[in-house]
Number of protein chains: 2
Amino acid sequence: MRFIEKLENAIKKNHSLLCIGLDPDIDKIPKHLHKDSDPVFEFCKQIIDETAHLVCAYKPQIAFFSSLGVEGFSALSKTVRYIKTNYEDIPVILDAKRGDIGTTSEKYVEEAFTVLNADAVTVNPYMGRDSLEPFLEKRDKGIIVLVRTTNPGASDFQDVLTVDGQPFYLYVARKVKDWHRLYNNCVMVVGSTWPDELQKIRQLDPHIFFLVPGVGAQGGNLKKTLEFGLRTDKSGVVISVSRSILFAGDKDDFAKKAGEEALKYKEEINKIRATLFE
Amino acid sequence: MRFIEKLENAIKKNHSLLCIGLDPDIDKIPKHLHKDSDPVFEFCKQIIDETAHLVCAYKPQIAFFSSLGVEGFSALSKTVRYIKTNYEDIPVILDAKRGDIGTTSEKYVEEAFTVLNADAVTVNPYMGRDSLEPFLEKRDKGIIVLVRTTNPGASDFQDVLTVDGQPFYLYVARKVKDWHRLYNNCVMVVGSTWPDELQKIRQLDPHIFFLVPGVGAQGGNLKKTLEFGLRTDKSGVVISVSRSILFAGDKDDFAKKAGEEALKYKEEINKIRATLFE
């Protein structure tokens, strides 16, 4: 099944636009797990078991695993396998922000889709279309392109005005729109910390899916994000939340706390969705 | 020792501006190595032993390792350790093109410098300065920022004209120049396939080091690269060559052939250097 179809099915099945970002920072995971032989996997597993009925996707961030070396890479592999085996309806987005010359990007494609078996991967557009083509050609996978990122410094380059008076991020968004028309597998990363920019991108492309991080620890505005980001079918936005769910508790009941926090996000999103386009 | 100092020392000691890009594509490494318990490491080790006196740096590309999963990650770790143990004067550049929000970039810093113990890492500027700050703050390491990449599609975004009539890559180059003034650890990636752009960037910044891929398999022009790229001290350019050295032979004597090819590049570069600024 194509990634976007799988995502749409998960949104309907769980009635949720919430994606949980799996950022299992070893310095933040509960102390009692450090006795486990694979604390990072155990942390992710327990979070997943408490939240799989509440989400439309999981988004493991590769750096939180690879920063632990071979063991971390192995924990990531086990985490994706665990989701695929136990919750096969939930797509897995590898957050890796890859992109390189073609022959190297082919290897990143293998990393994401062969080795790690993800359903989608985030990519960085700076090197241009040919650097992303090995990804785009995987038509059943999701290729999620950075357009307007959440961080304060996003404006350094993404807001630079081009000669036609438009900011650079809109130039990138137009290209991604074109690629999606050709490959039918693109998603745009648009941070919830920039609602005005999000609105402009939605005006440019009324149909494409947005992956929207930044709600939660980074302070993005949920209401504006949905008001400006949703398509008229009240879908098309995946809200990715990481730290404020993962680290809602730090004791034995951390996963239960994470589940409660995830439920709050899911319901808050649905409450706002219900009031829009009426 | 700071990366740039280590690099300058290696350039002097080996009288070489050549960097070998370690892209140990499993589909291309000689068949007889596949019997080895760790063919990727064995391939790199033999290449390194034949070339360490000819180069100023090695540049392993992480995707060629991580695309093989845990074993590949382990082979990369062993390769860096092998260089550090046996050829401690030669700096190791991790080619990874990382960049993310600050908390995640901190983890990529750990991947590059704690887990893999590289001396420098390549990074992607699209997300802006704060995304690179965790890297920049490692003042003894080299932070090598993509400015103008070698691939044909580089022009898609890097050539977009900004409102002041300058192409985007020069806007990025100006920022990297500023960061280097503050952190004194930046290098710019400028492809040899774009000599005119390389010349403009050198005019903008007469002092900074360039890492220049694209000579060899990608067809970059060595003479123009040196003519336009070198500083007036005939240094400041690191020429990175991968495939045409690594895969010069495919039999038992592949490493010897790689050494011969590396020697040719080193000498050709020095021959051109000798004729310039006279």
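Relevant structure appears above.
Presented here is a report on the structure given in the accompanying data block. (Residues numbered from 1 in each chain as written. Chains lettered and ligands numbered in written order. Predicted model: local features only at pLDDT ≥ 70, side-chain atom pairs only at ≥ 80, totals over all residues. Heavy atoms only, no water.)

### Observations regarding the pairing of strand E5 (residues 142–148) of chain A
Residues and elements named next belong to chain A. Counted only if it meets this: The cut-offs for exposure are 20% and 50% of the maximum accessible area for each residue type, with area from a 1.4 Å probe on protein chains only; residues under the lower value are buried, those over the upper are exposed, and the others partly exposed. Per the convention used, a helix needs a DSSP run of H or I reaching at least four residues, while a strand needs a run of E reaching at least two, with both numbered from the N terminus. The rule for pairing is simple: two strands pair if DSSP sees at least two bridges between them.
Counting buried positions along E5 yields seven of seven residues, so the element is predominantly enclosed. Relative to E5, strand E4 (residues 120–123) runs parallel, the two sharing four bridges. Bridging from a neighbouring strand, Ala-120 pairs with Gly-142 of E5. Sheet analysis places E5 next to strand E6 (residues 186–190), joined by five bridges and oriented parallel. Directly across from Val-145, in E6, lies its bridge partner Met-188.

### A word on empty space enclosed by the protein
For clarity, the cut-off: In this analysis the probe radius is 1.4 Å and the grid spacing 1 Å, with only protein atoms considered; a cavity is a set of points the probe fits into but cannot get out of, a pocket is an open set with protein on both sides within 12 Å along at least five of seven lines, and lining residues have an atom within 4 Å of a point. Grid points are joined across faces, edges and corners, and a volume is the space filled by probe spheres set on the points. Throughout, the ten residues Ala, Val, Leu, Ile, Met, Phe, Trp, Tyr, Cys and Pro are labelled nonpolar, Asp, Glu, Lys and Arg are labelled charged, and all others, Gly among them, are labelled polar.
Scanning the model with the defined rule gives two cavities of 30 Å³ or more in all. Looking at the largest cavity, its volume works out to about 290 Å³. Lys-59, Asp-95, Pro-213 and Gln-218 of chain A together with Ile-101 of chain B are, among the 26 residues lining the largest cavity, the residues nearest its centre. Taken together, the elements giving at least two residues each to the lining of the largest cavity come down to strand E3 (93–98), strand E8 (237–241) and helix H11 (243–246) of chain A. When its residues are assigned to classes, the lining of the largest cavity shows nine nonpolar, eleven polar and six charged. In terms of lining residues, the second largest cavity is bounded by Phe-3, Leu-7, Ile-93, Ile-144, Val-187, Phe-209, Phe-210, Leu-211 and Val-238 of chain B. Among the secondary structure elements, those contributing two or more residues to the lining of the second largest cavity are helix H1 (3–14) and strand E7 (209–212) of chain B. The element best represented in the lining of the second largest cavity is E7 of chain B, accounting for three residues. Of the residues that constitute the lining of the second largest cavity, the class distribution is nine nonpolar, no polar and no charged.

### Quick look at the interface of chain B and chain A
We count it as follows: A contact between two residues is defined here by any heavy atoms of the two lying within 4.5 Å. Note: buried area is the sum, over both parts, of the accessible area (probe 1.4 Å) each one loses when the two are combined. What makes a salt bridge here is a side-chain nitrogen of Lys or Arg within 4 Å of a carboxyl oxygen of Asp or Glu, nothing more. Distance and chemistry together define a polar contact, namely a pair of N or O atoms within 3.5 Å, with one atom able to donate a hydrogen and the other to accept it when in protein, and with adjacent residues in sequence counting only for side-chain atoms on both sides.
The interface of chain B with chain A comprises 58 residues on the first partner and 58 residues on the second. Surface buried jointly by chain B and chain A totals about 4,900 Å² across both partners, of which 62% is contributed by carbon and sulfur atoms. Looking only at chain B, the three residues that lose the most surface to chain A are Lys-107, Tyr-126 and Phe-157 of chain B, adding up to 19% of its buried area. Where chain B packs against chain A, one counts six salt bridges. The salt bridge involving Lys-107 of chain A is made with Asp-25 of chain B; its shortest N-O contact spans 2.9 Å. Summed over the shared surface of chain B and chain A, the number is 26 residue pairs in polar contact (both at pLDDT 80 or more). Per element, the largest residue contribution to the side of chain B that touches chain A is seven residues, and it comes from helix H5 (residues 102–115) of chain B. Grouping the constituent residues of the side of chain B that touches chain A by class yields 26 nonpolar, 18 polar and 14 charged.

Fair warning: the whole summary comes from geometry, so function is off the table for now.
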